[in-house]
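The chain contents come next:
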Amino acid sequence: MRASQPFKFETASYLVRIGNYECSNLLELKKGIAACSDASVFFHTFQSLGRYHFLTEGFSNDFAQWVLASCNRPALAEQLASVDIRDYVSLADLRAELLALLDDYCKANPREAVQAAFEPFYFCETIEEHVPLQLEAWTLDELQNCMDRLPHASMQFHFITSRLRLHLRTNDFSYWLAKELGQKELSRQVDQIDIYTNTLDGARAKIIQLVKGELYS
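**Regarding the overall build of the protein chain**
Per the secondary structure count, the protein chain includes 12 helices and two strands. For the protein chain, with 217 residues in total, the buried portion stands at 47%. Restricting to contacts in the protein chain with at least 6 residues of sequence separation, those with at least 24 account for 73%. Element-wise, carbon and sulfur atoms account for 50% of the exposed surface of the protein chain, whose accessible area totals about 10,900 Å². The averaged location of the 29 negative side-chain charges in the protein chain is 2 Å from the averaged location of its 21 positive side-chain charges.

**What to know about helix H1 (residues 26–35)**
By the burial criterion, the buried members of H1 are Leu26, Leu29, Gly32 and Ile33. On an axial view of H1, the arc spanned by its buried residues comes to 110 degrees, and they lie on one face. Looking at the buried side of H1, the elements it contacts are strand S1 (7–23), helix H3 (62–69), helix H4 (74–81), helix H5 (91–108), helix H6 (110–113) and strand S2 (121–137). Between the side-chain oxygen at the start of H1 and the backbone nitrogen of leucine 27 there is a gap of 3.1 Å, and the oxygen is on asparagine 25.

**Topic: the side chain of glutamine 183**
The residue glutamine 183 is located in the loop between helix H10 (172–181) and helix H11 (184–191) in this model. According to the relative accessible area criterion, glutamine 183 is buried, its value standing at 18%. Apart from residues no more than four positions distant in its own chain, glutamine 183 is found in contact with Leu140, Leu177, Ala178 and Glu214.

**Brief notes about unusual backbone geometry**
Excluding glycine, residues mostly have negative phi values, and the peptide bonds linking residues are mostly trans. A positive phi angle, near 55 degrees, is found at asparagine 72, a position not held by glycine. Inspection of the secondary structure assignment puts asparagine 72 in the loop between H3 and H4.

**Considerations on the layout of surface pockets**
Volume-wise, the largest pocket comes out at about 270 Å³. Along its surface, the largest pocket is lined by 14 residues, and Pro6, Phe7, Asp172, Tyr175 and Trp176 are the ones closest to its centre. When contributions to the lining of the largest pocket are tallied by element, the ones reaching two or more residues are S1, helix H8 (152–159), helix H9 (162–166) and H10. For the lining of the largest pocket, the element with the highest residue contribution is H10, accounting for five residues. Across the lining of the largest pocket, the residue classes tally to six nonpolar, two polar and six charged.

**Let's talk about empty space enclosed by the protein**
For the structure shown, the criterion picks out one cavity of 30 Å³ or more. Each pocket or cavity is described by its volume, and for the largest cavity that value is around 60 Å³. As for the largest cavity, its lining consists of Thr45, Leu49, Ser60, Asn61, Leu80, Val83, Ile85, Leu94, Leu98 and Tyr196. Those elements that place two or more of their residues in the lining of the largest cavity are helix H2 (38–51) and H5. Its residues assigned to classes, the lining of the largest cavity shows seven nonpolar, three polar and no charged.

**Side note on the environment of histidine 158**
In this structure, histidine 158 sits in helix H8. When its relative accessible area of 2% is taken as the criterion, histidine 158 is described as buried. Spatially, the C-alpha atoms of histidine 158 and phenylalanine 9 are 8.0 Å apart, while their sequence positions differ by 149 residues. When neighbours within four sequence positions are excluded, histidine 158 is seen to be in contact with Phe7, Lys8, Phe9, Glu10, Arg165, Asn171, Asp172 and Phe173. A polar contact is formed between the side chain of histidine 158 and the side chain of aspartate 172, at a distance of 2.8 Å.

**Observations concerning the pattern of salt bridges**
Enumeration according to the criterion identifies seven salt bridges in this entry. The partner of lysine 107 in a salt bridge is aspartate 103, and the shortest N-O contact between them spans 3.1 Å. One end of the pair is lysine 107 and the other is aspartate 103, both in helix H5 and four residues apart, which spans about a single turn. For lysine 107, a relative accessible area of 63% translates into the label exposed. Among the ionic pairs, glutamate 185 bridges to arginine 188, the shortest N-O distance being 2.5 Å.

Analysis parameters
- Residues numbered from 1 in each chain as written.
- Predicted model: local features only at pLDDT ≥ 70, side-chain atom pairs only at ≥ 80, totals over all residues.
- Heavy atoms only, no water.
- Helix = DSSP H or I, 4+ residues; strand = E, 2+ residues; numbered from the N terminus.
- Buried < 20%, exposed > 50% of the residue type's maximum accessible area, 1.4 Å probe, protein only.
- Contact = heavy atoms within 4.5 Å.
- Areas by Shrake-Rupley, 256 points an atom, 1.4 Å probe, with all protein chains shown as cover.
- Lys, Arg positive; Asp, Glu negative; His and termini not counted.
- Charge placed at Lys NZ, Arg CZ, Asp CG, Glu CD.
- Arc of directions from axis to C-beta.
- Polar contact = N/O pair within 3.5 Å; in protein donor to acceptor, adjacent residues only side chain to side chain.
- 1 Å grid on protein atoms, 1.4 Å probe; cavity = no way out; pocket = protein on both sides within 12 Å on 5 of 7 lines; lining within 4 Å.
- Points joined across faces, edges and corners; volume = space filled by probe spheres on them.
- Nonpolar A, V, L, I, M, F, W, Y, C, P; charged D, E, K, R; others polar.
- Salt bridge = Lys/Arg side-chain N within 4 Å of Asp/Glu carboxyl O.

This is how it looks when you write it as structure tokens:
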């Protein structure tokens, strides 16, 4: 089957800059998350998942990493790390959830909330620029061939950060498979690939495996 519209592969380049906020304890972290830009929330959650793409253990957002490594608060770090970005299509909602966790912890543990961290946390943010690639797919076979040579940045763009762009709880591949090829079951299977227990390479390999399974079934 040939799609009416092709899947056009893109990537994104990012200019990283240090923001206006830094914090030295948990209470300041809460204030910083409340005041920082959406781009900073994005950088320390969605984008940090891509930076740690080669890890299948540990925490994948910067806030949780800092709370563990610099504040030595493993229970809170686990709570922050358990916030699944796949559940959020709005940075405002994601920010609110992070703030609620920090607020509860700081109220229950006022002494720990103001205890100085070993190292400060610096809020950063990115300026994003979309970059089209010279790759497009009209069929499942072409999608597989393109996926074989897809760079990490493009994989992150289409599989992770697309949820914010689409304002849907899905990824670009699943959306295209269902909408353009009518492959609803394959779309569902691709969307179920866990972005926390797989590296970007692992997730890409699973997508290729699922597409091959459909092609040769």
